[in-house]
Amino acid sequence: MTTQTISSPAVYQGQFGEFTITQSDRQSVIIYRTGLMIAALCFAIGSGLVLFYPQPAAMPAASFAIASLTPLYTCFSIALGVSLLTIHIYMAFLHRILQLFWIIGSICAFIFGHGDSQAFAITIYNQPLTILGIGFTFAALTGIFFKEGFCFHRLETKILTSLVPLLLLGHLTGILSTPAEQVLLATWAILFLIFAIRKVIQAIPPDIGDKSVFDYLKNRRC
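Residues numbered from 1 in each chain as written. Predicted model: local features only at pLDDT ≥ 70, side-chain atom pairs only at ≥ 80, totals over all residues. Heavy atoms only, no water.

A.B. asks: What am I meant to see in the side chain of Arg 154 here?
C.D. replies: Within the secondary structure layout, Arg 154 lies in the loop between α5 (131–152) and α6 (155–173). Ignoring sequence-local partners within four residues, the contact set of Arg 154 consists of Glu 148, Gly 149, Phe 195, Arg 198, Lys 199 and Gln 202. (Helix = DSSP H or I, 4+ residues; strand = E, 2+ residues; numbered from the N terminus. Contact = heavy atoms within 4.5 Å.)

Structure (structure tokens):
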């Protein structure tokens, strides 16, 4: 007779007691990281099209590039929303704020995308005030960068936490030259990809965090 031994889940010592990590916890981290990777890839491809499509814009290749930015942005936004749904953040209020920012930014993007006869990317670029709307989406993304930089001290996320608002506000106010915007955009795309790739190879438990803290905060709210 063969006896099968079922290994017990590892028990971790948290700040407010012991806890275990379930398969559901691990799946949520995998979904979170998958969303980040898809968002980073879409952003990198879109940035590449913006930086390298041929001039003038009337050329077929340029028109295709501009038209491709709309589905790429849609995919980026949806993937980011999934990550915001599954991210582990101790402060529930901050978590809800980031999700609210994403919702506001998504609604604004939908309005801008369907309220102008021009392509979505052209509308955003030629009308900087639209950043006051879709900027909420990128504020949510910056929140993720800040959280990752604070928790894991990742250099790329610390840089992105400042770079993202610098580029958006710089374009909104018109204080950045086109070459400066191109450099910042390329840097953003590269660092975002580096961040997403590093998340893939990171151990899962640190992304889940100290579950005893979540339980403690939950009990305080009850």
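A.B. asks: Teacher, can you tell me more about the pattern of salt bridges here?
C.D. replies: It is possible for side chains bearing opposite charge to pair when their charged atoms get close. Inspection of the entire model under this criterion finds five salt bridges. With its nearest N and O atoms 3.7 Å apart, the salt bridge here joins Glu 148 to Lys 147. Taking the relative accessible area as the measure of exposure, Glu 148 reaches 0% and is therefore buried. By relative accessible area, Lys 147 is classed as buried at 11%. For Lys 199, the salt bridge goes to Asp 207, with nearest N and O atoms at 2.8 Å. The exposure class of Lys 199 is buried, given its relative accessible area of 0%. Bridged by salt links that share partners, the residues Arg 33, Lys 147, Glu 148, Lys 199 and Asp 207 form one connected network. (Salt bridge = Lys/Arg side-chain N within 4 Å of Asp/Glu carboxyl O. Buried < 20%, exposed > 50% of the residue type's maximum accessible area, 1.4 Å probe, protein only.)

A.B. asks: Help me understand the nonpolar core in this model?
C.D. replies: A general trend in soluble globular proteins is that nonpolar side chains are found buried together. Phe 76, Phe 138, Trp 188 and Phe 192 are the most contacted members of the largest nonpolar core, which has 39 residues in total. Of all the elements in the fold, those that place two or more residues in this core are α1 (23–52), α2 (60–86), α3 (92–114), α4 (120–126), α5, α6 and α7 (178–201). Element by element, the count of residues in this core is highest for α7, at eight residues. Filtering out sequence-adjacent residues up to four positions away, Trp 188 remains in contact with Phe 43, Phe 138, Leu 141, Phe 145, Leu 160, Leu 163, Val 164 and Leu 167. (Core = buried A, V, L, I, M, F, W, Y, C linked by side-chain atoms within 4.5 Å.)

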